[in-house]
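Here is how the chains run, residue by residue.
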Amino acid sequence: MTSASIVIPSRGGAAKLPVLFASLAGQTVSDWEAIVVLDGDIDDSAAVVDEWATRLPVRRITFPENRGRAAALTAGFAEATGRVLLRCDDDLELR
C-alpha cells in the first residue's frame, strides 16, 4: 500500500499531462501512485501516459467512450491502493 493515490480524470489531455507528470516527478515525497483515467481517448493520451509510466508510478484506465468525470473518478478510486486518495485535474501543475 502506498501513502497516496492520485486519481486524474482526463479527456483530451495529451498536451496537458506532461506538465502534470513533470511536476509530480519533482515532488520530494516518493511514496505515491497516480492513476490516470482516460475518459475516451480522443488524442492518444494513452501513449503519453504509457511513456511517463516508464519513469513514474503512473498507470492508466482507458474507457472506450466518454462516461463522464464521476465515472472516471469512481473507476480510479476503485483501483487505488493508497491510504489517502487525492483527486487531481489533468491541467494542474504542482509546486
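Higher on the page you've got the structure.
Scoring rules and cut-offs
Residues numbered from 1 in each chain as written. Predicted model: local features only at pLDDT ≥ 70, side-chain atom pairs only at ≥ 80, totals over all residues. Heavy atoms only, no water. Axes fitted to C-alpha atoms, helices over the stretch in contact; angles between N-to-C directions. Helix = DSSP H or I, 4+ residues; strand = E, 2+ residues; numbered from the N terminus. Parallel < 35°, antiparallel > 145°, perpendicular 65-115°, else oblique. Left-handed = near helix turned anticlockwise from the far one by under 90°. Contact = heavy atoms within 4.5 Å. Nonpolar A, V, L, I, M, F, W, Y, C, P; charged D, E, K, R; others polar. Core = buried A, V, L, I, M, F, W, Y, C linked by side-chain atoms within 4.5 Å. Buried < 20%, exposed > 50% of the residue type's maximum accessible area, 1.4 Å probe, protein only. Salt bridge = Lys/Arg side-chain N within 4 Å of Asp/Glu carboxyl O. 1 Å grid on protein atoms, 1.4 Å probe; cavity = no way out; pocket = protein on both sides within 12 Å on 5 of 7 lines; lining within 4 Å. Points joined across faces, edges and corners; volume = space filled by probe spheres on them. Pairing = 2+ DSSP bridges.

Things to note about the packing of helix H1 (residues 17-25) against helix H2 (residues 45-52)
(1) Moving on: Packing of H1 against H2 leaves a shortest axis separation of 10 Å and a crossing angle of 15°. Here H1 is positioned roughly parallel relative to H2, judged by the angle of their axes. Crossing hand, H1 versus H2: right-handed. Facing Leu 17, Pro 18, Phe 21 and Ala 22 of H1, the residues of H2 in contact are Ser 45, Val 48, Val 49 and Trp 52.
(2) Moving on: Looking at the contact of H1 with H2 residue by residue, the classes come out as seven nonpolar, one polar and no charged.

Here we look at the nonpolar core
(1) Moving on: Counting residues in each nonpolar core, the largest one holds 19 residues, and the members touching the most others are Ile 8, Leu 17, Phe 21, Trp 32, Val 36 and Val 58.
(2) Moving on: Sorting the residues of this core by element identifies strand E1 (4-10), H1, strand E2 (32-39) and H2 as the ones contributing at least two each.
(3) Moving on: If we ignore the near neighbours within four places in the chain, the residues touching Ile 8 are Leu 17, Leu 20, Phe 21, Ala 34, Ile 35, Val 36, Val 37, Cys 88, Asp 89 and Asp 90.

Here we look at the pattern of salt bridges
(1) Moving on: Tallied over the full model, the rule gives seven salt bridges.
(2) Moving on: In this structure, the salt-bridge partner of Arg 87 is Asp 89, at a minimum N-O distance of 2.8 Å.
(3) Moving on: In this structure Arg 87 comes out as partly exposed when scored by relative accessible area, which is 40%.
(4) Moving on: Each of Arg 69, Arg 87 and Asp 89 takes part in one network of salt bridges that share partners.

Side note on the layout of surface pockets
(1) Moving on: Approximately 160 Å³ is the volume attributed to the largest pocket.
(2) Moving on: For the largest pocket, the full set of lining residues is Ala 4, Ile 6, Leu 24, Gln 27, Thr 28, Val 29, Asp 31, Trp 32, Leu 86 and Leu 94.

What about the sheet that holds strand E3 (residues 58-63)?
Two pairing modes exist for strands in a sheet, parallel and antiparallel, and in both the strands are linked by backbone hydrogen bonds.
(1) Moving on: Spatially, four strands are ordered E3-E2-E1-E4 in an open sheet, and the strand pairing comes out parallel. Every interior strand has two partners, whereas the edge strands, E3 and strand E4 (84-87), have only one. Taken over all neighbouring pairs, the strand axes of this sheet differ in orientation by 20° on average, direction set aside.
(2) Moving on: As judged from the seven bridges shared by E1 and E2, these two strands associate in the parallel manner. Paired with Ile 6 across the strands is Ala 34, a residue of E2.
(3) Moving on: Its contacts with the sheet put H1 on E1, E2 and E3, and the angle it makes with E1 is roughly 170°.
(4) Moving on: Packed on one face of the sheet, H2 meets E2 and E3 and runs near 160° to E3.

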